Amino acid sequence: MNKFIELPVLRDEETETVLVNIASIGRIYPDPQNTRRSMVELNYQSINDAPVHLEVELPYETLRQQLM
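Residues numbered from 1 in each chain as written. Predicted model: local features only at pLDDT ≥ 70, side-chain atom pairs only at ≥ 80, totals over all residues. Heavy atoms only, no water.

Side note on the pattern of salt bridges
Operational definition: Salt bridge, as used here: a side-chain nitrogen of Lys or Arg that lies within 4 Å of a carboxyl oxygen of Asp or Glu. Think of it this way: any DSSP run of H or I at least four residues long counts as a helix, any run of E at least two long counts as a strand, and we number them from the N terminus.
Evaluation of the coordinates by the stated rule reveals five salt bridges. Between Glu55 and Arg37 there is a salt bridge; the shortest N-O distance is 3.1 Å. Here Glu55 is found in strand 5 (residues 51–56), whereas its partner Arg37 is found in the loop between strand 3 (25–30) and strand 4 (38–45), with 18 residues between them in sequence. Across the pair Glu57 and Arg37 runs a salt bridge, and its minimum N-O distance is 2.8 Å. One end of the pair, Glu57, is in the loop between strand 5 and helix 1 (60–67); the other, Arg37, is in the loop between strand 3 and strand 4, and 20 residues separate them in sequence. Where salt bridges share partners, they join Arg37, Glu55 and Glu57 into one cluster.

Here it is in structure tokens:
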């Protein structure tokens, strides 16, 4: 059974809600430039073999607690 989480992701200076499969989340870490944002690295790569990162409009601790 897949579980999903809705994440407020920043794209092109606007925030949109994205549904992400929890099983595809590799790691999360605080955004080094903004304490109110987190970075989510997904377990898969883009078409050009670059890792996929999402800039999430949630503080790191809040996001971490939601995933536990």
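Moving on from the coordinates now.
Section: the pairing of strand 2 (residues 14–21)
As a reminder, the rule being used: Here the rule is simple: two strands pair whenever DSSP picks up at least two bridges between them.
The pairing of strand 1 (residues 4–11) with strand 2 spans eight bridges and is classified as antiparallel. Considered in strand 2, the bridge of Glu6 is made with Leu19. Between strand 1 and the antiparallel strand that follows it, strand 2, lie two residues; Asp12 among them carries a positive phi value of about 50 degrees.

Some details on the side chain of Ser38
Put simply, the test is: What qualifies as a polar contact is a pair of N or O atoms within 3.5 Å, subject to a donor-acceptor requirement within protein and to the restriction that residues adjacent in sequence count only when both atoms come from side chains. Contact definition: two residues touch when any of their heavy atoms are within 4.5 Å.
Positionally, Ser38 belongs in strand 4. A distance of 2.7 Å separates a polar atom in the side chain of Ser38 from the backbone oxygen of Leu58. Ignoring any residue separated from it by four or fewer positions in sequence, one finds Ser38 in contact with Tyr29, Pro30, Asp31, Leu54, Glu55, Val56, Leu58, Pro59, Tyr60 and Leu63.

As for the nonpolar core
For clarity, the cut-off: Put simply, a nonpolar core is a bunch of buried Ala, Val, Leu, Ile, Met, Phe, Trp, Tyr and Cys residues held in one set by side-chain atoms that sit within 4.5 Å of each other. Note on classification: 1.4 Å probe, protein chains only; a residue is buried when its accessible area is under 20% of the maximum for its type, exposed when over 50%, partly exposed between these limits.
One finds Leu7, Val20, Ile25, Val40, Leu42 and Leu54 to be the most contacted residues of the largest nonpolar core, which totals 14 residues. Broken down by secondary-structure element, the contributors of at least two residues to this core are strand 1, strand 2, strand 3, strand 4 and strand 5. Once residues lying within four places of it in the same chain are set aside, the contact partners of Ile25 are Ile5, Val20, Val40, Glu41, Leu42, Asn43 and Leu67.

Examining unusual backbone geometry
Even without a glycine there, the phi angle at Asp12 is positive, about 50 degrees. Positionally, Asp12 belongs in the loop between strand 1 and strand 2. The backbone phi angle of Glu13 is positive, close to 65 degrees, even though this residue is not glycine.

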